[in-house]
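# Secondary and tertiary structure notes
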Amino acid sequence: MWWLAVLVTIVAVVGAYATWTVTRVERLHRRARAAEGALLAKLDDRAETVLKFVGNPGFEEVVALALSVVAVPADTQRQRELREYAENDLTRALRELAADPLWSDDLDAANRRVALARQIHSDFVRDAVASRSLPMSVVLRLHHRLPRPEYWDIEDPVH
């Protein structure tokens with residue numbers, strides 16, 4: 001009879017580990033999706049901050065790039081790539097602007113928020129992708145059930 005108790009214990013431990021793994025992998029994927037939403041919100045906020053300066057001399061190109069950023073959603077893979085290109089163009093154009101105390105504080109704050117959201121998103125994506133290769137995750141085929149989170153290939157706006 002002792003072998004029955006050992007078998008039940010082994011099944012319970014394996015079941016608990018499988019449940020823990022599934023919960024962890026799903027939680028990391030949810031966090032990566034939430035971080036992507038937060039990153040997109042910060043990118044939109046930065047574009048809206050730039051749009052405040054419509055009509056100011058020297059902002060024509062930057063405002064046009066901000067409008068292109070706001071106009072491109074990130075629903076499909078192609079739209080996501082276009083959005084990445086537009087964000088990178090906007091970041092480069094903002095770097096080329098000469099600093100002016102009237103507007104540089106707002107843009108610097110918006111860029112810092114984008115950089116922080118980008119870093120948080122990258123960290124969550126890295127963790128979610130790593131969780132997909134856990135042995136129990138592979139056995140349970142979670143990598144087929146959950147969409148793979150992707151990094152945003154955008155330049156760091158702070159540097």
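Residues numbered from 1 in each chain as written. Predicted model: local features only at pLDDT ≥ 70, side-chain atom pairs only at ≥ 80, totals over all residues. Heavy atoms only, no water.

## Observations regarding the side chain of threonine 21
By the secondary structure assignment, threonine 21 is in helix α1 (residues 2-51). Residue contacts for threonine 21: discarding those within four places in its chain leaves Leu134, Met136 and Ser137. (Helix = DSSP H or I, 4+ residues; strand = E, 2+ residues; numbered from the N terminus. Contact = heavy atoms within 4.5 Å.)

## Comments concerning the nonpolar core
Formed by 16 residues in total, the largest nonpolar core has its most connected members in Val50, Phe59, Val62, Leu90, Leu94 and Leu107. Of all elements in the fold, only α1, α2 (60-71) and α3 (77-96) reach the threshold of two or more residues within this core. Leaving out residues up to four positions away in the same chain, leucine 90 has contacts with Arg46, Val62, Leu65, Ala66 and Val69. Listed in part, the seven residues of the second largest apolar core include Leu40, Ala117, Trp152 and Ile154. (Core = buried A, V, L, I, M, F, W, Y, C linked by side-chain atoms within 4.5 Å. Buried < 20%, exposed > 50% of the residue type's maximum accessible area, 1.4 Å probe, protein only.)

## What about α3?
An α-helix turns once per 3.6 residues; consequently, residues spaced three or four apart project the same way. Taking 1.5 Å of rise per residue, the 20 residues of α3 would be expected to cover 28 Å, and the 29 Å separating its terminal C-alpha atoms lies within 8% of that figure. Of all the residues in α3, the buried ones are Arg80, Arg83, Glu84, Ala86, Glu87, Asn88, Leu90, Thr91, Ala93 and Leu94. Residues of α3 that are buried in the fold lie against α1, α2 and α4 (104-131). (Expected span 1.5 Å × (residues − 1).)

## Topic: the packing of α2 against α3
Running from N to C, α2 and α3 point in directions that differ by 160 degrees, and their axes come no closer than 9 Å. When the axis of α2 is compared with that of α3, the two are roughly antiparallel. With respect to the hand of their crossing, α2 and α3 are arranged in left-handed fashion. Counted together, Glu61, Val62, Leu65, Ala66, Ser68 and Val69 of α2 and Arg83, Ala86, Glu87, Asp89, Leu90, Ala93 and Leu94 of α3 form the full contact between these two elements. Tallied by class, the residues present in the contact of α2 with α3 amount to eight nonpolar, one polar and four charged. (Axes fitted to C-alpha atoms, helices over the stretch in contact; angles between N-to-C directions. Parallel < 35°, antiparallel > 145°, perpendicular 65-115°, else oblique. Left-handed = near helix turned anticlockwise from the far one by under 90°. Nonpolar A, V, L, I, M, F, W, Y, C, P; charged D, E, K, R; others polar.)

## Here we look at the environment of glutamate 48
By the secondary structure assignment, glutamate 48 is in helix α1. Considering only alpha carbons, one finds glutamate 48 and alanine 128, 80 residues apart in sequence, at a separation of 31 Å.

## A short note on the pattern of salt bridges
By the definition in use, this model includes 13 salt bridges. Of the charged contacts, one joins arginine 83 and aspartate 44 as a salt bridge, the two residues approaching to 2.6 Å between their closest N and O atoms. You can see arginine 83 sitting in helix α3 and its partner aspartate 44 sitting in helix α1, a full 39 residues away along the chain. Accessibility expressed as a relative area gives 28% for aspartate 44, which makes it partly exposed. Here glutamate 87 makes a salt bridge to arginine 46, at a shortest N to O gap of 2.8 Å. Taken together, the residues glutamate 87 in helix α3 and arginine 46 in helix α1 connect sequence positions 41 residues apart. On the basis of relative accessibility, which here comes to 0%, the residue glutamate 87 falls in the buried class. Beyond isolated ion pairs, a larger network of salt bridges with shared partners links Asp44, Arg46, Arg83 and Glu87. (Salt bridge = Lys/Arg side-chain N within 4 Å of Asp/Glu carboxyl O.)

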